[in-house]
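Structural description and commentary
Residues per chain are reported as follows:
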Amino acid sequence: MAEIKLDATVRTEFGKGAARRTRRANLVPGVVYGHGAEPVHINLPGHDLLLALRTANVLIGLEIDGKDALVIPKAVQRNALKGHIEHVDLLTVKRGEKVNVEIAVHVEGDLAPGANLLEYVQNTLLVEAEATHIPESVTVSIAGLDAGDSILAKDVPLPKGSVLAGDEDAVVLQVVSAQAEESAEGAEGEGAEA
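A brief report on the enclosed structure follows. Just so we're clear, the structure is a prediction, and the values are computed from it rather than from any experiment. (Residues numbered from 1 in each chain as written. Predicted model: local features only at pLDDT ≥ 70, side-chain atom pairs only at ≥ 80, totals over all residues. Heavy atoms only, no water.)

Quick word on helix H1 (residues 16-24)
- Among the residues of H1, Ala-18, Ala-19 and Thr-22 are the ones counted as buried. Around the axis of H1, the buried residues are gathered within 100° of arc, so they sit on the same side. With respect to the buried face of H1, the exposed residues turned more than 90 degrees away are Lys-16 and Arg-24.
- Considering only its buried residues, H1 is in contact with strand S2 (27-34) and strand S3 (37-45). (Buried < 20%, exposed > 50% of the residue type's maximum accessible area, 1.4 Å probe, protein only. Helix = DSSP H or I, 4+ residues; strand = E, 2+ residues; numbered from the N terminus. Arc of directions from axis to C-beta. Contact = heavy atoms within 4.5 Å.)

With respect to the sheet that holds strand S4 (residues 59-64)
- The 6 strands lie next to each other as S1-S3-S2-S6-S5-S4, forming a closed barrel whose pairing is mixed. The mean inter-strand angle of the sheet, taken between neighbouring strand axes irrespective of direction, is 45°.
- Across the sheet, H1 lies against S2, S3 and strand S6 (85-92), angled at about 115° from S2, the strand it touches most. (Pairing = 2+ DSSP bridges. Axes fitted to C-alpha atoms, helices over the stretch in contact; angles between N-to-C directions.)

Topic: the pairing of strand S7 (residues 98-108)
- As defined by bridge partners, S7 adjoins strand S9 (residues 124-130) across 7 bridges and the pair is classed as antiparallel. Note on S9: the bridge partner recorded for Lys-98 is Glu-130.

Some points on the nonpolar core
- Ranked by internal contacts, the top residues of the largest apolar core, which has 23 residues, are Ile-72 and Leu-125.
- Counting residues per element, this core draws most heavily on S7, which supplies 4 residues.
- Sequence-distant contacts of Leu-125, that is, excluding residues within four places in its chain, are made with Val-101, Glu-102, Ile-103, Val-105, Val-138, Ala-153, Val-156, Leu-158, Leu-164 and Val-172.
- Residues Ile-42, Val-58, Ile-60 and Leu-62 belong to the second largest nonpolar core, which totals 17 residues. (Core = buried A, V, L, I, M, F, W, Y, C linked by side-chain atoms within 4.5 Å.)

Overview of the sheet that holds strand S12 (residues 163-164)
- In spatial order, the strands read S10-S7-S9-S12; together these 4 strands make up an open sheet with mixed pairing. Each end of this open sheet is capped by a strand with a single partner; those strands are strand S10 (137-141) and S12.

Structural notes on the environment of Glu-86
- Within the secondary structure, Glu-86 sits in strand S6.
- The contacts of Glu-86, once residues within four sequence positions are left out, are Arg-23, Val-28, Pro-29, Gln-77, Arg-78 and Asn-79.
- Engagement of the side chain of Glu-86 in a polar contact is seen with the side chain of Asn-79, the distance being 3.1 Å. (Polar contact = N/O pair within 3.5 Å; in protein donor to acceptor, adjacent residues only side chain to side chain.)

Description of the side chain of Thr-132
- Among the secondary structure elements, Thr-132 is positioned in the loop between S9 and S10.
- A distance of 2.9 Å separates polar atoms of two side chains, one belonging to Thr-132 and the other to Glu-130.
- Within the structure, the side chain of Thr-132 is placed 3.1 Å from the side chain of His-133, a separation counted as a polar contact.

Shown next, in the form of structure tokens:
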């Protein structure tokens, strides 16, 4: 995964009014924390941050007033109506360091013939990976699975360098049979006899 470079400035004003002024200037308030250091309150360029966060678990190289920091997003708060970013929490990481992140689960293949439905019990998996080599997603084959079959977290093939960090016996995907609806005529006939 490529590292995205962003310039940040240290934030000196706090509170709602200051945050609103920051957002009007097309900046996003944020906090950088981790490794036992004091949290650093920063302002980030809004549009550049929005583009960077399109990639899940993106690795961001920040330059904060002349100092470099390598971070990954930990929490992103968005406006519920407009969708723009209101605040971001960034976690400091080091090259070679292992981090726990959630990665998306994708499927490939077709279920066994019949009226079967695939149910995603979990859309993501918690994995431990090196901060500079975080996988974007995992792909699971569902070819030939029939009603009653399921795929556990331990059955999902993980990319090289990643290990499962969550419950290995957790169900990720399961195949269920479609519920057959009673015909309208059958339901009316039963009601007439009562």
